[in-house]
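Observations on chain architecture
These are the residues of each chain, in order.
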Amino acid sequence: MTTRIIGTGSYLPKAVVTNDDLAKIMDTSDEWIRTRTGICERHLVTEETTTSMCIEAAKRALENAGISGEEIDLIIVGTVSGDNMTPSTACEVQAAIGAAKAVAFDMNAACAGFIFALNTAHAYFQAGIYKTALILGAETLSKIMDWNDRSTCVLFGDGAGAAVVRADESGLLAFEQGCDGSKAHVLLGKSRGNNNPLVSTDTSLDYVHMDGQEVYKFAVSTVPASVQRVLEKANVSIDEISYFALHQANIRILQSVAKRLKVSEDKFPISLDHCGNLSAASVPVLLDEMNQKGMLKKGGKIVLSGFGAGLTWGTVLLEW
Ligand code: ACO
């Protein structure tokens, strides 16, 4: 028994903010952002929330799969920017889509969040516990960025992506996931301190800090090796892969991974040009765009890979 994706959906906020728009409010330029990252514009929330974007993406994925919320056994939302400490985003999605029998929880694996959610659903399917799951990656990164730090805030966007997955005879062929907590400091977003008067700690909210060059080195060394290990596990040659749908952090990371794998850049679809970096939402939003464009053919093999804070990474080989 394995796992098949039977429907996808996504939602991007209505407001589009271009690099030139950012240049009006901070010391940056379209030229700097575009040449270093490949990002031209991003969608940022105005009225939307992480939860509302998840609900819309979930409804679209259910419609694409042709099933109702009542058929869902499990909902997992990969996010680092949920709206509440509790309830979880997944519980709010459960109520909104009428998935009364579903177990629902959030998962924090940063930019690998959707891949970890997919692998978790896969493990439940293999254990025979559940049959149908809704997995999401969703972020409102604009609320956790420091808008006084031009080196990070220009990189990220907001959005949500979803997939309906089902236990089936074919689909997911191999996966791996990994973490390196010893390098957590290269991409940090600390939580609020303790307000207990007996333990005075700083209770101000922190924003995301990143050592961009260390993150770059981590990504371009870890991702190609992870892809190769997954292909070896499934005994599939790299030439058989139609597309590598990678986390959209930076065009230079994608180009470097393509070069290291000796694969044409044409096999690396891009959404970061119009979305920016969506962390956990990156891979499912890209996957939905590929699905909408008819790029995913039955029987075609694709690789998904997410990598980011933690540090975390996860790679999946799928037959569509
Ligand atoms: N506009 C204009 N100038 C800027 C901006 C900006 N938005 N941000 C930084 N600069 C300036 C810096 O102040 C610095 O100026 P100085 O030389 O006068 O001091 C100069 O540009 C170079 O700064 P660096 O941080 O060294 O820039 P770098 O060339 O490393 O590019 C980047 C930064 C794009 C983040 C790069 O490190 C990178 O590609 N990192 C990969 C990590 C990444 O993409 N992370 C995304 C999130 S993590 C994830 O999703 C896995």
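What comes next is a walk through the structure. Note that the structure is a prediction, hence the values are computed from the model and not measured.

Moving on, we come to unusual backbone geometry. In the segment running from Thr 86 into Pro 87, the intervening peptide bond is cis, with an omega of 5°. Along the chain, the position of Pro 87 falls in the loop between β4 (74-78) and α4 (89-96). Cis geometry marks the peptide bond from Gly 310 to Leu 311; its omega dihedral reads -5°. Its place among the elements puts Leu 311 in the loop between β12 (301-308) and β13 (312-319). With a phi angle near 50°, Ala 110 is a residue other than glycine that sits in the positive phi range. Structurally, Ala 110 is set in the loop between β5 (103-107) and α5 (113-126).

A few words on the packing of helix α3 (residues 50-65) against α4. Where α3 meets α4, the axes come as close as 9 Å, and the angle between the chain directions of the two elements is 50°. Relative to α4, the element α3 is oriented oblique. Both α3 and α4 take part in a crossing whose hand is right-handed. Where α3 abuts α4, its residues Thr 50, Thr 51, Cys 54, Ile 55, Ala 58 and Lys 59 lie against Thr 89, Glu 92, Val 93 and Ala 96. Its residues assigned to classes, the contact of α3 with α4 shows five nonpolar, three polar and two charged.

Attention shifts here to the sheet that holds β13. The mixed open sheet is built from four strands, whose spatial order is β8-β13-β12-β11. Either end of the sheet is taken by a strand with one partner, and the two such strands are β8 (172-179) and β11 (241-246). Looking at each pair of strands side by side, their axes are set apart by 10° on average, direction ignored. Packing against the sheet, α5 makes contact with β8, β12 and β13, and its axis sits at approximately 125° to β8.

What follows deals with the state of the cysteines. This model, assessed by the stated rule, comprises zero disulfides. For Cys 91, which is in no disulfide, the shortest distance to another cysteine sulfur is to Cys 54 and amounts to 12 Å.

Let us now look at the site of the ligand. Around the ligand sit 23 residues in total, of which Thr 28, Arg 150, His 247, Asn 250 and Asn 277 are the nearest. Here Trp 32 contributes a side-chain N or O atom positioned 3.2 Å from an oxygen atom of the ligand. When the ligand sits alone it has 1000 Å² of accessible area, and the protein chains cover 73% of it. Elements with a contribution of two residues or more to the shell around the ligand: α2 (30-37), α6 (150-153), α7 (212-234) and β12. Residue contributions to the shell around the ligand peak at four residues, all from α7. Among the residues forming the shell around the ligand, the class breakdown is ten nonpolar, nine polar and four charged.

Rules used throughout
Residues numbered from 1 in each chain as written. Predicted model: local features only at pLDDT ≥ 70, side-chain atom pairs only at ≥ 80, totals over all residues. Heavy atoms only, no water. Helix = DSSP H or I, 4+ residues; strand = E, 2+ residues; numbered from the N terminus. Axes fitted to C-alpha atoms, helices over the stretch in contact; angles between N-to-C directions. Parallel < 35°, antiparallel > 145°, perpendicular 65-115°, else oblique. Left-handed = near helix turned anticlockwise from the far one by under 90°. Contact = heavy atoms within 4.5 Å. Nonpolar A, V, L, I, M, F, W, Y, C, P; charged D, E, K, R; others polar. Pairing = 2+ DSSP bridges. Disulfide = S-S within 2.5 Å. Near = heavy atom within 4 Å. Polar contact = N/O pair within 3.5 Å; in protein donor to acceptor, adjacent residues only side chain to side chain. Areas by Shrake-Rupley, 256 points an atom, 1.4 Å probe, with all protein chains shown as cover.

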